[in-house]
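# Structure assessment
Each chain, written out:
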Amino acid sequence: MPTLHVAPLSKLAATVAACRASHLVTLINVGTAVERPPSIAAERHLFLGLSDISQPMDGHVLAGVQEMERLIGFMRSWDREAPMVVHCWAGISRSTAAAYIAACALAPERDEEEAADALRRAAPSATPNPRLIALADGALGRGGRMIRAIARIGRGADAFEGTPFIMPLASRQQGISGASSCG
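Residues numbered from 1 in each chain as written. Predicted model: local features only at pLDDT ≥ 70, side-chain atom pairs only at ≥ 80, totals over all residues. Heavy atoms only, no water.

## Regarding the packing of helix α3 (residues 94-105) against helix α6 (residues 145-153)
At a minimum axis distance of 12 Å, the contact between α3 and α6 shows a crossing angle of 135°. Compared by their axis directions, α3 and α6 come out oblique. The handedness of the crossing between α3 and α6 is right-handed. Counted together, Tyr100, Ile101 and Cys104 of α3 and Met146, Ala149 and Ile150 of α6 form the full contact between these two elements. Looking at the contact of α3 with α6 residue by residue, the class counts come to 6 nonpolar, no polar and no charged. (Axes fitted to C-alpha atoms, helices over the stretch in contact; angles between N-to-C directions. Helix = DSSP H or I, 4+ residues; strand = E, 2+ residues; numbered from the N terminus. Parallel < 35°, antiparallel > 145°, perpendicular 65-115°, else oblique. Left-handed = near helix turned anticlockwise from the far one by under 90°. Contact = heavy atoms within 4.5 Å. Nonpolar A, V, L, I, M, F, W, Y, C, P; charged D, E, K, R; others polar.)

## Some details on the pattern of salt bridges
The final tally for this structure, using the stated rule, is 7 salt bridges. Notably, a salt bridge pairs Glu114 with Arg110, separated by 2.7 Å at the nearest N-O pair. Of the two residues, Glu114 and Arg110, both sit in the buried class. One salt-bridge network, held together by shared partners, links Glu112, Arg142 and Arg145. (Salt bridge = Lys/Arg side-chain N within 4 Å of Asp/Glu carboxyl O. Buried < 20%, exposed > 50% of the residue type's maximum accessible area, 1.4 Å probe, protein only.)

## Quick look at the sheet that holds strand β1 (residues 4-8)
The 5 strands are arranged β3-β2-β4-β1-β5 in an open sheet whose pairing can be described as mixed. Looking at strand neighbours, the two that pair on one side only are β3 (45-49) and β5 (165-167), the edges of this open sheet. Taken over all neighbouring pairs, the strand axes of this sheet differ in orientation by 20° on average, direction set aside. Across 3 bridges, β1 lies against β5 in antiparallel orientation. Of the residues in β5, the one forming a bridge with His5 is Ile166. Here α3 sits on the sheet in contact with β1, β2 (23-28), β4 (84-88) and β5, set at roughly 170° to β1. (Pairing = 2+ DSSP bridges.)

Below you can see the structure in the form of structure tokens.
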């Protein structure tokens with residue numbers, strides 16, 4: 001059963017090791033040093049250097065269509081034979097957006113509201129980056145439903161750093177739950 005794990009940078013190595021992940025997505029500011037765990041092959045690590053912003057800001061990198069295409073393409077190319085870990089600096093905004101995007105991209109029939117509720121149950125502090133959600137909504141042809149679903153669950157609980165969690169990749173009706181973590 002494939003699992004998608006989300007973690008902050010400080011828990012990256014422990015999460016990858018505990019889950020025995022084969023794939024890794026890094027969404028972090030350009031110039032931030034991130035040591036790829038040795039168990040992850042370079043070709044199985046997507047590094048997206050982008051800031052946690054929703055509007056252009058001097059000195060920062062705003063996510064665009066190219067980054068979203070790379071993220072969705074990488075998620076879809078994952079063979080799902082071993083877990084994938086997604087991380088950002090705090091495990092609250094960029095990585096939770098990417099986890100929600102994966103849940104929608106890998107299951108086109110999945111209801112956006114149900115996926116957003118699954119995210120909230122798994123991660124009380126999740127506050128998905130609205131720019132990433134909007135880009136994904138457009139790329140996946142979701143007609144604003146992803147944007148509305150994330151707006152409905154609102155800002156997550158205040159936290160300096162998120163707790164590692166598993167994002168369910170299927171709805172409860174399909175029998176997969178995953179609000180626990182391995183790291």
